[in-house]
Amino acid sequence: RKEVEQDPGPFNVPEGATVAFNCTYSNSASQSFFWYRQDCRKEPKLLMSVYSSGNEDGRFTAQLNRASQYISLLIRDSKLSDSATYLCAVNKLGQFYFGTGTSLTVIP
Amino acid sequence: DTEVTQTPKHLVMGMTNKKSLKCEQHMGHRAMYWYKQKAKKPPELMFVYSYEKLSINESVPSRFSPECPNSSLLNLHLHALQPEDSALYLCASRPGTGGTLSGDEKLFFGSGTQLSVL
């Protein structure tokens, strides 16, 4: 069983739309959680950490549900520049495991 | 400064060649990682070094040989690779090495080496 499962999409949304991504993780001992953004042929860049209390950074909101073992990312008012692949990541004792990534294309 | 520097950016090698990938960070991070990423796949963990010691080897074939000469440098030595080893090789670092929840758990990536094995 994979450590992290993520719907690969693709998600094609118009500018201004709200879009949500989810990941599930298999190991309840997982300790910290993140969302990364990856552009084509580039490295993953940290977007935000994910906490049970939920955290927001501008148009981005991340949420962790430990009981159900899933994490989510909500993007409001999508911009063309948000087009990328979004990867969730789970840290278990210093080992970081990544989901397959969800591809987002924001259409004018 | 959250910079992890990898060289070279691109590498083409034959199956009989020996080459090395290099990674450097000057953030005082104590854990360094090698990941392999194929197109449209997630990064796959290969090796983890904690305090310059190899702490995790995810059953990587011996044709990949990591080395950590000091706390700022991480190398990946390549020998007798196969065409299926062609991928983006990513180095990453993290401030702490513990598994506890803390603000130092973030993982930062270098820009990667795009490797092609012919």
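Note: the structure precedes this text.
Q: Let's hear about the overall build of chain A: which residues, and what values?
A: Scanning chain A for helices and strands turns up zero helices and 11 strands. Overall, chain A shows an N-to-C arrangement of helices and strands of β-β-β-β-β-β-β-β-β-β-β. What you see for chain A is a C-alpha radius of gyration of 13 Å, in line with the 13 Å of a compact globule of 108 residues. Each principal axis of the C-alpha distribution contributes one length, and for chain A these read about 40 × 30 × 20 Å.

Q: Describe the interface of chain B and chain A, naming the residues involved and giving the relevant values.
A: On the side of chain A, 21 residues touch chain B, which itself brings 21 residues to the contact. If you look at where chain B meets chain A, you find four residue pairs in polar contact (both at pLDDT 80 or more). Mapped onto the side of chain B that touches chain A, the elements with two or more residues apiece are strand S4 (31–37), strand S9 (87–94) and strand S10 (108–109) of chain B. Of the residues belonging to the side of chain B that touches chain A, the class tally is 12 nonpolar, five polar and four charged.

Q: Hey, could you go over the packing of aromatic side chains for me, with residue numbers and the actual values?
A: All told, the structure shown has 12 aromatic pairs over all chains when counted by the stated rule. Pairwise contacts between aromatic rings join A:Phe34, A:Tyr36, A:Phe96, A:Phe98, B:Tyr33, B:Tyr35 and B:Phe109 into one cluster.

Q: Quick rundown of the pairing of strand S4 (residues 32–38) of chain A? Include the residues and the values.
A: All names here are of chain A. Along S4, six of the seven residues are buried, which leaves the element largely enclosed by surrounding structure. In this sheet, strand S9 (residues 84–92) lies alongside S4 in antiparallel orientation, the contact comprising seven bridges. Directly across from serine 32, in S9, lies its bridge partner asparagine 91. Two elements, S4 and strand S5 (residues 45–50), share five bridges in a ladder whose sense is antiparallel. Bridge assignment links phenylalanine 33 to a residue of S5, and that residue is valine 50.

Q: So what's going on with the side chain of B:Ser93? Which residues, and what values?
A: Residue and element names in this part refer to chain B. On the secondary structure map, serine 93 appears in strand S9. A polar contact is formed between the side chain of serine 93 and the side chain of histidine 29, at a distance of 2.6 Å. Excluding residues that lie within four positions of it along the chain, serine 93 makes contacts with Val4, Gln25, Met27, His29, Ala31, Met32, Tyr33, Lys106, Leu107 and Phe108.

Q: Could you give an account of the state of the cysteines, naming the residues involved and the relevant values?
A: The full count for this structure, using the stated rule, is two disulfides over all chains. Covalently, A:Cys23 is tied to A:Cys88 through a disulfide, its sulfur atoms 1.8 Å apart. Handedness of the A:Cys23-A:Cys88 disulfide follows from its S-S torsion of about -90°: it is left-handed. Of this pair, A:Cys23 sits in strand S3 (residues 19–25) while A:Cys88 sits in strand S9; the two residues are 65 residues apart in sequence, bridging distant segments of the chain. Using a relative accessible area of 0% as the deciding quantity, one classes A:Cys88 as buried. As a non-bridged cysteine, A:Cys40 has A:Cys88 as the owner of its nearest cysteine sulfur, 19 Å distant. The class of A:Cys40 is exposed, set by a relative accessible area of 65%. Summary of cysteine pairing: B:Cys68 is not part of a disulfide, and the nearest cysteine sulfur, belonging to B:Cys23, is at 9.3 Å.

Rules and cut-offs
Residues numbered from 1 in each chain as written. Chains lettered and ligands numbered in written order. Predicted model: local features only at pLDDT ≥ 70, side-chain atom pairs only at ≥ 80, totals over all residues. Heavy atoms only, no water. Helix = DSSP H or I, 4+ residues; strand = E, 2+ residues; numbered from the N terminus. Rg over C-alpha atoms; globule rule 2.2 N^0.38 Å. Contact = heavy atoms within 4.5 Å. Polar contact = N/O pair within 3.5 Å; in protein donor to acceptor, adjacent residues only side chain to side chain. Nonpolar A, V, L, I, M, F, W, Y, C, P; charged D, E, K, R; others polar. Phe/Tyr/Trp six-rings, centres within 6.5 Å; stacked < 30°, edge-to-face > 60°. Buried < 20%, exposed > 50% of the residue type's maximum accessible area, 1.4 Å probe, protein only. Pairing = 2+ DSSP bridges. Disulfide = S-S within 2.5 Å.

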